[in-house]
Amino acid sequence: MYEPIRTKSVHSMAADQDVPHRSRAEELDIRLAGHLTALLTVTDELRATVPDPALDDAAERIAEQVTRLRGGAYPLRAAPSGGDPARAPRLHRRARMLAGSALAVATSRADGAAAALAAERMEAHEAGSAVQELATA
């Protein structure tokens, strides 16, 4: 009634190939580096919008973590140039979300340094968002 399958399964063919596979830890490193790089980009935008020495320090510490996760490759960064202060609350919310994503991956990876930094940034951006919203209201 049914014709037998005459070709090999796609799944078995993929398993037979000599394709390099990354471990779970390597995948988590890549994801964490990506979240931290995005957080660094938003932090740099905030630095251009609202100059603050605390943001400068945070950006450097985030860059150090990204460098560590990427095996010594320092992340590319844009030079801060003036920004619209009205965007600051949105940038703080975005940075808080990215820090939360980084925290989730760092916790899964059991990376204490990155988790502590991400948690600190979440709190700082929560407070920064509230202050900026009050200032613009």
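To be clear, the structure that these remarks concern was listed above.
Computed from a predicted structure; not experimentally measured.

Draft legend 1. Region of the structure containing the overall build of the chain. Secondary structure assignment for the chain yields 5 helices and 0 strands. Secondary structure elements of the chain, listed N to C terminal, follow the sequence α-α-α-α-α. Split into buried and exposed, the 137 residues of the chain put 34% on the buried side. Taking all contacts inside the chain whose residues are at least 6 apart in sequence as the whole, residues at least 24 apart take part in 72%.

Draft legend 2. Local environment of the nonpolar core. With 27 residues, the main nonpolar core has Leu32, Leu36, Leu39 and Ile62 as its most contacted residues. Looking at this core, the elements that each hand over two or more residues are helix 2 (24-49), helix 3 (53-69), helix 4 (88-109) and helix 5 (112-136). Sequence-distant contacts of Leu39, defined by excluding residues within four places in its chain, comprise Ile62, Ala95, Leu98, Ala99, Arg121 and His125.

Draft legend 3. Examining the packing of helix 2 against helix 4 more closely. Their axes nearest at 9 Å, the elements helix 2 and helix 4 cross at an angle of 160°. By the angle class used here, helix 2 and helix 4 are roughly antiparallel. Note on packing geometry: the crossing formed by helix 2 with helix 4 is left-handed. For the contact of helix 2 with helix 4, the residue count by class is 15 nonpolar, 5 polar and 6 charged.

Draft legend 4. Quick look at helix 4. Here helix 4 is 22 residues long and its end C-alpha atoms lie 31 Å apart, about the 32 Å a rise of 1.5 Å per residue gives. What helix 4 keeps buried is the set Ala88, Pro89, Leu91, His92, Ala95, Leu98, Ala99, Ala102, Val105 and Ala106. Directly beyond the C-terminal end of helix 4, a positive phi value near 65° is found at Ala110.

Draft legend 5. Structural view of the environment of Leu103. With respect to the secondary-structure elements, Leu103 resides in helix 4. Owing to a relative accessible area of 23%, Leu103 belongs among the partly exposed residues under this scheme. Residues Leu103 and Ala118, 15 residues apart in the sequence, show an inter-C-alpha distance of 5.2 Å. Look past the residues within four positions of Leu103 in its chain and what remains in contact with it is Ala115, Ala118, Ala119 and Met122.

Draft legend 6. Structural context of the pattern of salt bridges. Tallied over the full model, the rule gives 13 salt bridges. Ionic pairing is found between Asp44 and Arg47, a salt bridge with its closest N-O pair at 2.7 Å. Note that Asp44 and Arg47 are positioned in helix 2 at a spacing of 3 residues, about one turn of the helix. Two residues, Arg77 and Asp44, come together in a salt bridge whose shortest N-O distance is 2.8 Å. Of this pair, Arg77 sits in the loop between helix 3 and helix 4 while Asp44 sits in helix 2, and the two are 33 residues apart along the sequence. Overall, Arg77 belongs to the partly exposed group, its relative accessible area being 25%. Taking relative accessible area as the criterion, Asp44 reaches 7% and is therefore assigned buried. Among the charged side chains, a network of salt bridges with common partners joins Asp44, Arg47, Asp56, Glu60 and Arg77.

Calculation notes
Position labels on residues start from 1 in each chain and follow its written sequence. Only residues with pLDDT of 70 or above have their local features reported here, since the model is predicted, and side-chain atom pairs are shown and tallied only from 80 upward, although totals for entire chains, interfaces and linings are computed over all residues. Calculated side-chain values reflect all of the structure's heavy atoms, with hydrogen atoms and water omitted. What counts as a helix is a DSSP run of H or I of at least four residues, what counts as a strand is a run of E of at least two, and both are numbered from the N terminus. Only protein chains enter the area calculation, which uses a 1.4 Å probe; residues under 20% of their type maximum are buried, those over 50% are exposed, and those in between are partly exposed. Should any heavy atoms of two residues lie within 4.5 Å, those residues are counted as being in contact. Residues grouped as a nonpolar core are buried Ala, Val, Leu, Ile, Met, Phe, Trp, Tyr and Cys residues, joined through side-chain atoms within 4.5 Å. The axes are straight lines fitted to the C-alpha atoms, using for helices just the contacting stretch, and the angles between their N-to-C directions are given from 0 to 180°. Oblique is the label for any angle not under 35 degrees, not over 145, and not in the 65 to 115 range, which are roughly parallel, roughly antiparallel and roughly perpendicular in turn. Throughout, a crossing is termed right-handed when the near helix is turned clockwise from the far one, and left-handed when it is turned anticlockwise from it by less than a right angle. Side-chain classes follow a simple rule in which Ala, Val, Leu, Ile, Met, Phe, Trp, Tyr, Cys and Pro form the nonpolar group, Asp, Glu, Lys and Arg form the charged group, and the remainder, Gly included, forms the polar group. Here the expected length of a helix is defined as 1.5 Å per residue gap, with one fewer gap than residues. A carboxyl oxygen of Asp or Glu within 4 Å of a side-chain nitrogen of Lys or Arg is what we treat as a salt bridge.

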